[in-house]
2 protein chains.
Amino acid sequence: MYTKKYLLSTLKEKPKNIESISHQLMLRSGMIRMLSSGIYTWLPTGYRIIKKITKIISSILNNHGCMEICMPIIQPENLWKKSGRKKLYGEELIKITDRRNKKYVLSPTHEEAINYICQQEIHSYKQLPITFYQIQKKFRDEIRPRFGVIRTIEFLMKDAYSFHINKDSLKKTYENMKNIYIKIFKKLKLNFKIVKAHSKIMGGSISDEFHAISEMGENKIIFLKKSNYAFNYNEFNEKKKKFKNYLLQKEKKLIKKNSIEIGHIFQIEKKYSKNTNFYIQDKKNKKKLLNMGCYGIGINRIISSIIEQNHDKYGIIWPNCIAPFQVFILPINMYKNKKIKKIAKKLYKKLINKNIDVLFDNRNESLGKMFADMNLIGIPFGILISKNTITSKKVELYSRKKNSKKKVLYSKIISIIKNKII
Amino acid sequence: MYTKKYLLSTLKEKPKNIESISHQLMLRSGMIRMLSSGIYTWLPTGYRIIKKITKIISSILNNHGCMEICMPIIQPENLWKKSGRKKLYGEELIKITDRRNKKYVLSPTHEEAINYICQQEIHSYKQLPITFYQIQKKFRDEIRPRFGVIRTIEFLMKDAYSFHINKDSLKKTYENMKNIYIKIFKKLKLNFKIVKAHSKIMGGSISDEFHAISEMGENKIIFLKKSNYAFNYNEFNEKKKKFKNYLLQKEKKLIKKNSIEIGHIFQIEKKYSKNTNFYIQDKKNKKKLLNMGCYGIGINRIISSIIEQNHDKYGIIWPNCIAPFQVFILPINMYKNKKIKKIAKKLYKKLINKNIDVLFDNRNESLGKMFADMNLIGIPFGILISKNTITSKKVELYSRKKNSKKKVLYSKIISIIKNKII
C-alpha cells in the first residue's frame, strides 16, 4: 500500500479532553473516529488491526474444535422475558418496536439465542460436548461511554457457548477454554492476570475474568509478581482473613495495579436450560437438563489494552502479528533521486511477494513528518533508503521497539525482515 | 473436521410451506435457522460459506485499492433528517430511543455516515479519488420478509463508497467497479445480467443493477442470450419505441426470465455533499462539491442465487471456491474394517496438510444416509473407501457435479484432488 492512496488520517496534535493514552493514540494514529458518544467508526488503520486480531482468535478457536456461527443482532423480546434478563439488564438493554408493534432487543450477548437454536439442533448426548462461537457487534445502552472504545454503546465481541451432559464435562471444557484464552492473550503479547469473579447477571456459580494490567483501567487487582492469578482488590480486603495462611505471609510482596477487563468465562450450568426445559437423554436414558458454559472476549478492549501496554512518546508499538503494516519503506528524497526510487520500489515488490504487509511512504514530505507518522501508527520495522547508504549498497533497518537503526546490505534486507516477522 | 464433532443439522424431510428451492435447501442442509420472521442464524455450514464469499470479495476489492473500514450500525437520527432520508425511508427505517431520549436509526445503508467521516478526513483533491468498503449487517423493517434470506430484516451487505473531485473521475471508478463486480460474480460462477436502473431513494442519475437469473426471482428481465446486459421487462414494454432500431429487430430472439437483484451500483454525484456542504479545493483553488459513487452487494442474496442456479434433486452443488468443505471422506464400514479406517485417516491428514477443507464422515451410519448428507450440503468432491476398492489399492473419487464415481489409486488421489480444487 502507498501512503498516497491510503487514508492515514494521523493527527499531529493531541486531541483535547481525552482521558486515556490509548484513546489519544487511537485518534492520533487514525484508527477510530467518533460518530456519536460511545459509537465509533474504525478507519482503515484500525480495521486492519481488528481483522488481524479476529483472524488469530478464530484460528486458535477453530483448531480447538469450536464452530463459528452468526446469530441475529435483533432478537424477539419474549426470549429475554422468558430468561428473566429483560428485567435484569434494565435500561442497559436497547429496545426496538417494529412497524407491526412487535418488540425486539439489540443483543448485548447471546445466551438466549444459542439456547433457542441448540434446543432444536441438539437431540442426543452423543452430540455433546459442543462449542460454538461468533465474532460480531454487541449493543449496550451505556450510561457513561468513556475511554474511547473501552466503554461503548456498540462494540465488537467474541462470544462462545458450550453445552454439556454433566458438570464434569462443563468443567473440562471450561478449563480448556481458560487455556485457549491464555494462548490468545499471550500471542497478542498482553500482560494479563486471571481473576476469580462473580457471574452476576449471566447466571451460574463459577467464573473467571481476564484483566490486562493498565494504569487507566477501572478495576483494581492485587497479585504476586510471578503468579498468573490475581484478586479483585476490594474483595481481597473484605475477605482478608480467608487468605491468612497463604497470601498474607507474602503481603509485602503483593502488587496492586489497575486493570482492564478483557475477557470473562462462566460456568453457567443449568440456568438457561432450566427456564427453557432443555432436556436430553443421557447414556442410561435418563432425562438431564443441559449444562452450559459461556466465554467472552472484548475485541475493542484488547486493542486499547495492547496500546496502553505498548507505546512511547512517539506513538504505538504494535506486536508484529497485529500491526496494521509489518514494514514501512521510507525513501528519502525519492522525487529528487531516481536511484532511491528504483531501489525502494524493488524492495516493496519483493516484500509484497513474500506476503508481508508493507506501507510505502511515497508522500513528498519531509523525512521528519514521514518518520513521525510511521512511528505514530506503530509499524514494527522500517526500511530507510537515502543517498548516504546506497553508495555502499546498503539501507537502514529501523526497529520501532528498540527505536534504533542499523545499516544492512540491501541484498540481505528481505530475508532479515522475513526472519524477524515470522 | 469430523462429522461427529460438527453440527451437520441436515433435515431429511422437506420443510413445509417454503416458497423457494434455495430456502428449502438452506434449511435442509443446515445452513440457516429462523429466530423470528426475517431474522436468521447462520449455522456452521452456512457461516463457512459466508466466510469464503466475503474473503473472495475483500481480496478482489483490496487488490483494486479499496480500503476496508467499519462504520457504526447505530447512527444519530439527525444525520438522516439532514439528508432527507428519514422521511424517504419511512417505516422501513428501524428507530431506537436511548435511555436519555436520544434518537437513532439502525443503518440500512451508510451514505450519511461515510459523508460525515470523509468531511473530517479528506481535505485535499490530492487524496482523491478514494474508495472505502465494509462488509457488515444492515437492517430494514421489511413489510413482508420472504424467500429465506433474500428479503429479511437483518442481512449482510458489502457496501462501498467512492469520492471524486469531478464527474469524470466518478465515471472512471464507476466503470472500474462495474468490472470488479463482473469479476466477483464470475468467480462465484453466477449466471447474471447487468440492468440499467433508477437510483430512487439513493439519489443520483446513473445506476446499474446486477441480476442473477432465477425462476423464483421477484424481478423480470429481458435480454439477448449472449449479451451481458438486460432490460427491466416492464420498462422495456413501456419504452418499446425507443428500442426500435436495435432490439426490436431481434425481438424473437429476446429471452424473458425472472431474476434476483444481487448488486446495485450508483453514480450518486453531489446529493450528499450538497446537503452537508462538503467542498474541496481543486488544483486551481476552486471550491468544488464532491462527487460520490456507491456500490452494494447483497451477500445473503448471492448465496440464495448460487443455490437456485446450482442444485439437483439430491441437494446443493457448490462451486469449489465457496463450498463449506471441498472434499468429503466416506469410509464404508470403517468400524468393522481397521484397514479402511487407517487409509481414511491417512488421506484426511494429507488433505489437511495441503490446506484443503475436508469433512470426514465418521458416523456409524449406513452408506446411504452418509452419502445423502454429503450430497445435500453439496461438497464438490468425495473419497469413498470400501473393502472392494482397497484390495486393488484404490479408492473412489466422487464428483458432485457429474454425480459419478471413478476408481483412482490412493497414491494418486491427493494430487488429483489438489489439481481439481486449485
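Please read these numbers as outputs of a predicted model, since none were measured by experiment. (Residues numbered from 1 in each chain as written. Chains lettered and ligands numbered in written order. Predicted model: local features only at pLDDT ≥ 70, side-chain atom pairs only at ≥ 80, totals over all residues. Heavy atoms only, no water.)

**Section: the interface of chain B and chain A**
And then number 1: Across the contact, 56 residues belong to chain B and 56 residues belong to chain A.
And then number 2: Between chain B and chain A, the buried area comes to about 4,900 Å², and carbon and sulfur atoms account for 59% of it.
And then number 3: At 5 residues, the largest contribution of residues to the side of chain B that touches chain A is made by strand β7 (residues 130-139) of chain B.
And then number 4: The class makeup of the residues in the side of chain B that touches chain A is 32 nonpolar, 7 polar and 17 charged. (Contact = heavy atoms within 4.5 Å. Buried area = accessible area lost by both parts, 1.4 Å probe. Helix = DSSP H or I, 4+ residues; strand = E, 2+ residues; numbered from the N terminus. Nonpolar A, V, L, I, M, F, W, Y, C, P; charged D, E, K, R; others polar.)

**With respect to the relation of the copies chain B and chain A**
And then number 1: Superposition record for chain B on chain A: RMSD 0.0 Å, screw rotation 180°, translation along axis 0.0 Å. Within this description, the copies of the chain are treated as partners about a two-fold rotation axis. For chain B, the smallest separation between a C-alpha atom and the rotation axis is recorded for isoleucine 96 of chain B, amounting to 3.0 Å.
And then number 2: Mapped onto chain A, 100% of the interface residues of chain B again fall at the interface, so both copies present the same surface. (Least-squares fit on C-alpha atoms with pLDDT ≥ 70 in both.)

**Some details on the domain arrangement of chain A**
Residues and elements named next belong to chain A.
And then number 1: Looking at the assigned domains, one finds that chain A contains domain 1 (3-312) and domain 2 (325-421).
And then number 2: The distance between the C-alpha centroids of domain 1 and domain 2 comes to 38 Å.
And then number 3: Contacts between domain 1 and domain 2 engage 12 residues on the former and 15 residues on the latter.
And then number 4: When domain 1 packs against domain 2, the two sides together hide about 1,200 Å² of surface, and 58% of this comes from carbon and sulfur.
And then number 5: Among the residues of domain 1 in contact with domain 2, Thr3, Lys4 and Leu8 are the three that bury the most area, contributing 41% of the side total.
And then number 6: Among the ionic pairs, aspartate 357 bridges to lysine 52, the shortest N-O distance being 2.6 Å.
And then number 7: The interface formed by domain 1 and domain 2 includes 8 residue pairs in polar contact (both at pLDDT 80 or more).
And then number 8: Residue assignment for the side of domain 1 that touches domain 2 shows that the elements contributing at least two residues are α1 (21-28) and α2 (44-63).
And then number 9: Among the residues making up the side of domain 1 that touches domain 2, the classes are represented as 4 nonpolar, 3 polar and 5 charged. (Domains from an automatic or database assignment. Salt bridge = Lys/Arg side-chain N within 4 Å of Asp/Glu carboxyl O. Polar contact = N/O pair within 3.5 Å; in protein donor to acceptor, adjacent residues only side chain to side chain.)

**Examining unusual backbone geometry**
Residue and element names in this part refer to chain A.
And then number 1: For the peptide bond that leads from leucine 128 to proline 129, omega is -5°, which places it in the cis range.
And then number 2: Take proline 129: it is sitting in the loop between α5 (111-121) and β7 (130-139).
And then number 3: At asparagine 285, a position not held by glycine, the phi torsion is positive, near 65°.
And then number 4: Inspection of the secondary structure assignment puts asparagine 285 in the loop between β14 (279-281) and β15 (287-289).
And then number 5: One non-glycine residue, asparagine 403, lies in positive phi territory at about 50°.

**Some points on the sheet that holds strand β4 (residues 74-76) of chain B**
Paired through their backbone hydrogen bonds, the strands of a sheet run either parallel or antiparallel.
All names here are of chain B.
And then number 1: The strand order β4-β6-β5 describes an open sheet built from 3 strands, whose pairing is antiparallel. Two strands close off the open sheet at either side, each with one partner strand: β4 and β5 (94-97). Along the sheet, successive strands turn relative to each other by an average axial angle of 40°, direction set aside.
And then number 2: Pairing geometry for β4 and strand β6 (residues 103-106), over 3 bridges, is antiparallel. Within the sheet, the bridge partner assigned to isoleucine 74 lies in β6 and is leucine 106. (Pairing = 2+ DSSP bridges. Axes fitted to C-alpha atoms, helices over the stretch in contact; angles between N-to-C directions.)

**Here we look at the environment of leucine 289 of chain B**
And then number 1: Along the chain, leucine 289 of chain B turns up in strand β15 (residues 287-289).
And then number 2: In contact with leucine 289 of chain B, other than residues within four places in its own chain, are Lys270, Ser273, Lys274, Phe278 and Tyr279 of chain B.

**Some thoughts on the packing of aromatic side chains**
Residues and elements named next belong to chain A.
And then number 1: Tallied over the full model, the rule gives 32 aromatic pairs over all chains.
And then number 2: Here tyrosine 2 and tyrosine 348 contribute two aromatic rings whose centre-to-centre distance is 4.8 Å and whose plane-to-plane angle is 45°, an arrangement assigned as tilted. Placement of tyrosine 2 in the segment before α1 and of tyrosine 348 in helix α10 (residues 338-353) is noted, with a sequence separation of 346 residues between them.
And then number 3: Of the residues examined, tyrosine 348 reaches a relative accessible area of 10% and is grouped as buried. (Phe/Tyr/Trp six-rings, centres within 6.5 Å; stacked < 30°, edge-to-face > 60°. Buried < 20%, exposed > 50% of the residue type's maximum accessible area, 1.4 Å probe, protein only.)

**Some points on helix α11 (residues 367-377) of chain A**
Residues and elements named next belong to chain A.
And then number 1: Those residues of α11 that sit buried are Met370, Phe371, Asp373, Met374, Asn375, Leu376 and Ile377.
And then number 2: Considering only its buried residues, α11 is in contact with α1, β18 (315-316), β19 (327-331), β20 (358-360), β21 (381-385) and β22 (394-399).
And then number 3: Of the residues one or two after α11, glycine 378 is the one with positive phi, at around 80°.

**Describing the environment of lysine 52 of chain A**
Residues and elements named next belong to chain A.
And then number 1: Relative to the helices and strands, lysine 52 is located in helix α2.
And then number 2: A C-alpha to C-alpha distance of 8.1 Å links lysine 52 and alanine 323, two positions 271 residues apart in sequence.
And then number 3: Within the local environment of lysine 52, its side chain forms a polar contact with the backbone oxygen of alanine 323, the two atoms lying 2.9 Å apart.

**Some thoughts on the sheet that holds strand β23 (residues 404-409) of chain B**
Residues and elements named next belong to chain B.
And then number 1: Spatially, 5 strands are ordered β20-β19-β21-β22-β23 in an open sheet, and the strand pairing comes out mixed. At either margin of the open sheet sits one strand with a lone partner, and together these are β20 (358-360) and β23. Adjacent strand axes in the sheet meet at a mean angle of 25°, parallel and antiparallel pairs treated alike.
And then number 2: Summarising the sheet, strand β22 (residues 394-399) and β23 pair through 6 bridges and their orientation is antiparallel. Within β23, the position partnered with valine 395 by the bridge is valine 408.
And then number 3: Contacting β19 (327-331), β20, β21 (381-385) and β22, helix α10 (residues 338-353) runs over the sheet at an angle of about 170° to β19.

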